[in-house]
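Here are the chains, one letter per residue:
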Amino acid sequence: MNSFVTGVVRALAEFISTLSSSSADPSTTDATATRQENAPRPRPTTTAPTHTHKPSDRSRPQGSPQHQDPATSKRPRTSIREASIADALAHASYQPIMDGDADPGEVVWTWVPYQEDASVGKDRPAVVIGAQGEGVYLLQLTSKDHSRDAAEEAAAGRYWFDIGSGAWDPKGRPSEVRLDRALWVKATDVRREGSILPEVTWQRIVDALEEHQRTHGG
(Lines give C-alpha, C1' and ligand atoms only; values in the text may rest on other atoms or scores of the structure.)
Protein backbone atom coordinates (compact mmCIF):
# COMPACT_ATOMS: atom_id res chain seq x y z
CA MET A 1 0.00 0.00 0.00
CA ASN A 2 2.75 2.41 0.93
CA SER A 3 4.61 1.60 -2.25
CA PHE A 4 1.47 2.39 -4.34
CA VAL A 5 0.98 5.76 -2.69
CA THR A 6 4.63 6.54 -3.13
CA GLY A 7 4.38 5.79 -6.87
CA VAL A 8 1.37 8.06 -7.31
CA VAL A 9 3.10 10.92 -5.51
CA ARG A 10 6.17 10.59 -7.72
CA ALA A 11 4.07 10.57 -10.88
CA LEU A 12 2.25 13.75 -9.81
CA ALA A 13 5.53 15.41 -8.95
CA GLU A 14 7.01 14.60 -12.37
CA PHE A 15 3.85 15.89 -14.14
CA ILE A 16 3.93 19.17 -12.21
CA SER A 17 7.65 19.57 -12.98
CA THR A 18 7.07 19.00 -16.70
CA LEU A 19 4.17 21.47 -16.76
CA SER A 20 6.23 24.16 -15.04
CA SER A 21 9.12 23.81 -17.47
CA SER A 22 6.80 24.10 -20.50
CA SER A 23 5.27 27.35 -19.17
CA ALA A 24 8.69 28.83 -18.54
CA ASP A 25 10.00 28.00 -22.09
CA PRO A 26 9.90 31.30 -24.08
CA SER A 27 10.35 29.56 -27.41
CA THR A 28 6.96 27.94 -27.08
CA THR A 29 5.28 31.27 -26.33
CA ASP A 30 7.10 33.08 -29.16
CA ALA A 31 6.21 30.39 -31.66
CA THR A 32 2.56 30.64 -30.75
CA ALA A 33 2.63 34.45 -31.03
CA THR A 34 4.43 34.27 -34.39
CA ARG A 35 1.80 31.94 -35.79
CA GLN A 36 -0.93 34.33 -34.65
CA GLU A 37 0.82 37.35 -36.22
CA ASN A 38 1.43 35.56 -39.53
CA ALA A 39 -2.14 34.34 -39.76
CA PRO A 40 -4.07 36.17 -42.56
CA ARG A 41 -6.20 38.97 -41.23
CA PRO A 42 -9.60 39.78 -42.71
CA ARG A 43 -9.45 42.93 -44.86
CA PRO A 44 -11.88 45.71 -44.01
CA THR A 45 -14.65 46.12 -46.57
CA THR A 46 -14.54 49.54 -48.25
CA THR A 47 -17.16 51.11 -50.49
CA ALA A 48 -15.87 53.08 -53.44
CA PRO A 49 -17.13 56.68 -53.40
CA THR A 50 -19.84 57.44 -55.91
CA HIS A 51 -18.95 60.29 -58.27
CA THR A 52 -21.68 62.28 -59.97
CA HIS A 53 -20.49 63.45 -63.37
CA LYS A 54 -21.83 66.86 -64.31
CA PRO A 55 -21.80 68.00 -67.93
CA SER A 56 -18.75 70.08 -68.63
CA ASP A 57 -19.28 73.78 -69.26
CA ARG A 58 -16.68 73.51 -72.01
CA SER A 59 -19.09 71.52 -74.16
CA ARG A 60 -21.17 74.69 -74.73
CA PRO A 61 -19.61 77.94 -75.93
CA GLN A 62 -19.82 80.68 -73.35
CA GLY A 63 -22.74 82.99 -73.94
CA SER A 64 -24.24 80.91 -76.73
CA PRO A 65 -28.05 80.77 -76.74
CA GLN A 66 -29.69 77.44 -76.05
CA HIS A 67 -32.51 78.04 -78.40
CA GLN A 68 -32.45 80.15 -81.57
CA ASP A 69 -34.96 80.76 -84.32
CA PRO A 70 -33.37 79.19 -87.43
CA ALA A 71 -35.06 81.82 -89.63
CA THR A 72 -33.39 84.66 -87.73
CA SER A 73 -30.06 85.92 -89.01
CA LYS A 74 -27.63 88.74 -88.36
CA ARG A 75 -27.89 91.81 -90.54
CA PRO A 76 -26.27 91.27 -93.94
CA ARG A 77 -24.75 94.02 -96.04
CA THR A 78 -27.93 95.76 -97.15
CA SER A 79 -29.27 99.26 -97.71
CA ILE A 80 -32.69 98.58 -96.17
CA ARG A 81 -33.93 101.27 -93.78
CA GLU A 82 -37.10 102.65 -92.24
CA ALA A 83 -39.08 105.07 -94.42
CA SER A 84 -42.08 107.30 -93.88
CA ILE A 85 -45.50 106.23 -95.10
CA ALA A 86 -45.91 109.70 -96.63
CA ASP A 87 -42.84 109.14 -98.84
CA ALA A 88 -44.03 105.68 -99.84
CA LEU A 89 -47.43 107.07 -100.89
CA ALA A 90 -45.84 110.02 -102.69
CA HIS A 91 -43.98 107.59 -104.97
CA ALA A 92 -46.70 104.95 -105.29
CA SER A 93 -47.19 103.52 -108.78
CA TYR A 94 -48.21 100.27 -110.42
CA GLN A 95 -45.56 99.18 -112.94
CA PRO A 96 -44.88 95.45 -112.54
CA ILE A 97 -42.50 93.83 -115.02
CA MET A 98 -41.23 90.32 -114.36
CA ASP A 99 -37.70 91.07 -115.52
CA GLY A 100 -35.73 90.05 -112.44
CA ASP A 101 -35.84 93.54 -110.89
CA ALA A 102 -38.08 94.75 -108.08
CA ASP A 103 -40.88 96.90 -109.53
CA PRO A 104 -43.96 98.58 -108.01
CA GLY A 105 -46.90 96.18 -107.94
CA GLU A 106 -44.81 93.07 -107.28
CA VAL A 107 -44.26 90.82 -104.29
CA VAL A 108 -40.54 90.33 -103.62
CA TRP A 109 -38.37 88.64 -101.01
CA THR A 110 -35.72 90.51 -99.07
CA TRP A 111 -34.08 90.57 -95.65
CA VAL A 112 -36.16 92.68 -93.24
CA PRO A 113 -34.77 93.83 -89.87
CA TYR A 114 -36.76 93.48 -86.67
CA GLN A 115 -38.10 96.86 -85.64
CA GLU A 116 -36.98 96.42 -82.02
CA ASP A 117 -33.45 95.32 -83.01
CA ALA A 118 -32.22 96.20 -86.50
CA SER A 119 -29.08 94.07 -86.08
CA VAL A 120 -31.12 90.90 -86.65
CA GLY A 121 -33.99 90.02 -88.95
CA LYS A 122 -35.21 87.47 -91.46
CA ASP A 123 -36.14 86.98 -95.10
CA ARG A 124 -39.72 88.12 -95.68
CA PRO A 125 -42.08 88.69 -98.57
CA ALA A 126 -42.95 92.34 -99.17
CA VAL A 127 -45.17 94.39 -101.48
CA VAL A 128 -43.40 96.99 -103.63
CA ILE A 129 -45.53 100.14 -103.31
CA GLY A 130 -43.41 102.57 -105.29
CA ALA A 131 -39.94 103.42 -106.55
CA GLN A 132 -37.56 106.32 -106.05
CA GLY A 133 -34.12 106.61 -107.60
CA GLU A 134 -32.23 103.33 -107.28
CA GLY A 135 -34.54 101.96 -104.59
CA VAL A 136 -38.10 100.84 -103.88
CA TYR A 137 -40.61 101.30 -101.05
CA LEU A 138 -41.85 98.13 -99.38
CA LEU A 139 -44.59 96.97 -97.02
CA GLN A 140 -43.94 93.62 -95.37
CA LEU A 141 -46.31 90.67 -95.71
CA THR A 142 -47.18 87.86 -93.33
CA SER A 143 -49.24 84.69 -93.56
CA LYS A 144 -50.05 84.86 -89.85
CA ASP A 145 -53.70 85.60 -89.09
CA HIS A 146 -53.75 88.77 -86.99
CA SER A 147 -57.53 89.06 -86.95
CA ARG A 148 -57.43 87.04 -83.73
CA ASP A 149 -55.09 89.44 -81.93
CA ALA A 150 -55.88 92.71 -83.71
CA ALA A 151 -56.46 94.57 -80.43
CA GLU A 152 -53.13 93.46 -78.97
CA GLU A 153 -51.30 94.30 -82.20
CA ALA A 154 -52.93 97.74 -82.38
CA ALA A 155 -51.96 98.39 -78.75
CA ALA A 156 -48.36 97.68 -79.79
CA GLY A 157 -48.70 100.04 -82.77
CA ARG A 158 -48.95 97.35 -85.45
CA TYR A 159 -51.80 97.42 -87.97
CA TRP A 160 -52.51 94.73 -90.57
CA PHE A 161 -54.66 94.63 -93.69
CA ASP A 162 -55.96 91.36 -95.15
CA ILE A 163 -55.35 90.97 -98.91
CA GLY A 164 -56.36 87.31 -99.29
CA SER A 165 -54.32 84.66 -101.07
CA GLY A 166 -52.44 84.75 -104.35
CA ALA A 167 -49.60 83.40 -106.44
CA TRP A 168 -47.02 85.01 -104.13
CA ASP A 169 -47.66 82.23 -101.57
CA PRO A 170 -47.15 78.75 -103.09
CA LYS A 171 -49.16 77.22 -100.21
CA GLY A 172 -52.17 79.41 -101.00
CA ARG A 173 -52.33 80.93 -97.51
CA PRO A 174 -54.12 84.26 -96.97
CA SER A 175 -51.73 87.15 -96.41
CA GLU A 176 -51.81 90.40 -94.48
CA VAL A 177 -49.81 93.53 -95.20
CA ARG A 178 -48.47 95.77 -92.43
CA LEU A 179 -49.69 99.36 -92.75
CA ASP A 180 -47.75 101.15 -90.00
CA ARG A 181 -44.24 100.43 -91.27
CA ALA A 182 -42.70 101.35 -94.62
CA LEU A 183 -39.19 100.41 -95.73
CA TRP A 184 -36.84 101.58 -98.46
CA VAL A 185 -34.13 99.42 -100.02
CA LYS A 186 -31.96 99.50 -103.12
CA ALA A 187 -33.45 97.33 -105.84
CA THR A 188 -30.14 95.47 -106.09
CA ASP A 189 -30.49 94.37 -102.44
CA VAL A 190 -33.82 92.64 -103.10
CA ARG A 191 -33.18 88.91 -103.21
CA ARG A 192 -35.78 87.87 -105.78
CA GLU A 193 -39.15 88.54 -107.31
CA GLY A 194 -42.11 86.49 -106.16
CA SER A 195 -45.07 87.37 -108.34
CA ILE A 196 -47.18 90.23 -109.67
CA LEU A 197 -50.04 91.50 -107.53
CA PRO A 198 -53.33 92.02 -109.33
CA GLU A 199 -53.77 95.76 -109.81
CA VAL A 200 -57.03 95.73 -107.86
CA THR A 201 -55.22 94.17 -104.87
CA TRP A 202 -52.37 96.66 -105.12
CA GLN A 203 -54.88 99.54 -105.21
CA ARG A 204 -56.68 98.19 -102.14
CA ILE A 205 -53.36 98.25 -100.28
CA VAL A 206 -52.66 101.84 -101.33
CA ASP A 207 -56.17 102.91 -100.27
CA ALA A 208 -55.75 101.20 -96.88
CA LEU A 209 -52.33 102.84 -96.46
CA GLU A 210 -53.79 106.29 -97.16
CA GLU A 211 -56.59 105.66 -94.66
CA HIS A 212 -54.07 104.54 -92.05
CA GLN A 213 -52.00 107.69 -92.58
CA ARG A 214 -55.05 109.92 -92.19
CA THR A 215 -56.01 108.13 -88.97
CA HIS A 216 -52.64 107.44 -87.36
CA GLY A 217 -50.13 109.60 -89.23
CA GLY A 218 -46.74 108.39 -90.37
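Definitions and limits used
- Residues numbered from 1 in each chain as written.
- Predicted model: local features only at pLDDT ≥ 70, side-chain atom pairs only at ≥ 80, totals over all residues.
- Heavy atoms only, no water.
- Helix = DSSP H or I, 4+ residues; strand = E, 2+ residues; numbered from the N terminus.
- Buried < 20%, exposed > 50% of the residue type's maximum accessible area, 1.4 Å probe, protein only.
- Contact = heavy atoms within 4.5 Å.
- Areas by Shrake-Rupley, 256 points an atom, 1.4 Å probe, with all protein chains shown as cover.
- Polar contact = N/O pair within 3.5 Å; in protein donor to acceptor, adjacent residues only side chain to side chain.
- Expected span 1.5 Å × (residues − 1).
- Arc of directions from axis to C-beta.
- Core = buried A, V, L, I, M, F, W, Y, C linked by side-chain atoms within 4.5 Å.
- Salt bridge = Lys/Arg side-chain N within 4 Å of Asp/Glu carboxyl O.
- pLDDT = per-residue confidence, 0-100.

(A) A look at the overall build of the chain. Helix and strand counts for the chain stand at five helices and nine strands. Along the chain, helices and strands appear, N-terminal first, in the series α-α-β-β-α-β-β-β-α-β-β-β-β-α. For the chain, the proportion of its 218 residues judged to be buried stands at 29%. Residue pairs at least 24 apart in sequence account for 67% of intrachain contacts in the chain once pairs closer than 6 positions are excluded. When the accessible area of the chain is evaluated, it comes to approximately 14,800 Å², of which 52% is carbon and sulfur surface.

(B) Expanded view of the side chain of T142. On the secondary structure map, T142 appears in strand 5 (residues 135-142). Polar contacts involving the side chain of T142 include one to the main-chain amide nitrogen of K144, which spans 3.1 Å. If we ignore the near neighbours within four places in the chain, the residues touching T142 are W160, P174, S175 and E176.

(C) Structural view of the environment of S119. Structurally, S119 can be placed in the loop between strand 3 (106-113) and strand 4 (120-132). We classify S119 as partly exposed; its relative accessible area is 40%. In this structure, the C-alpha to C-alpha distance between S119 and R75, residues 44 residues apart in sequence, is 5.1 Å. A polar side-chain atom of S119 sits 2.6 Å from a polar atom in the side chain of D117.

(D) Focus on the side chain of D169. Of note, D169 is situated in the loop between strand 6 (160-164) and strand 7 (175-178). One polar contact links the side chain of D169 to the main-chain amide nitrogen of K171, over a distance of 2.8 Å.

(E) Structural detail: helix 5 (residues 199-216). For helix 5, with 18 residues, the first-to-last C-alpha span of 25 Å sits near the 26 Å given by 1.5 Å per residue. Those residues of helix 5 that sit buried are T201, W202, I205, V206, A208, L209 and H212. All buried residues of helix 5 lie within an arc of 165° about the axis, which places them on one face of the element. Summarising the geometry of helix 5, the exposed residues directed more than 90 degrees from the buried face are V200, R214 and T215. Looking at the buried residues of helix 5, the elements they touch are helix 3 (85-90), strand 4, strand 5, strand 6 and strand 7. Positive backbone phi, approximately 80°, marks G217, located one or two places after helix 5.

(F) Geometry of the nonpolar core. V127, I129, L139, L141, V177 and I205 are the most contacted members of the largest nonpolar core, which has 22 residues in total. When residues of this core are traced back to their parent elements, those giving at least two are helix 3, strand 4, strand 5, strand 8 (182-186) and helix 5. Ranked by residues supplied to this core, first place goes to helix 5 with five residues. Once residues within four sequence positions are removed from consideration, I129 is found in contact with A88, H91, A92, S93, P104, Y137, L139, W202, I205 and V206.

(G) Inspection of the pattern of salt bridges at higher detail. Taken as a whole and assessed by the stated rule, the structure comprises eight salt bridges. Residues K186 and E134 are paired through a salt bridge, measuring 3.7 Å at the closest nitrogen-oxygen approach. Taken together, the residues K186 in strand 8 and E134 in the loop between strand 4 and strand 5 connect sequence positions 52 residues apart. A residue is classified by how much of its surface remains accessible, and E134, at 55% relative accessible area, is exposed. The residue R214 makes a salt bridge to E211 at a minimum N-O spacing of 2.7 Å.

(H) Representation of the confidence of the model for the chain in the model. Looking at the chain as a whole, the pLDDT averages 79, with 67% of positions reaching at least 70. Counting interchain partners and residues more than four positions distant, the pLDDT-below-50 stretch residues 44-70 has four contacts.

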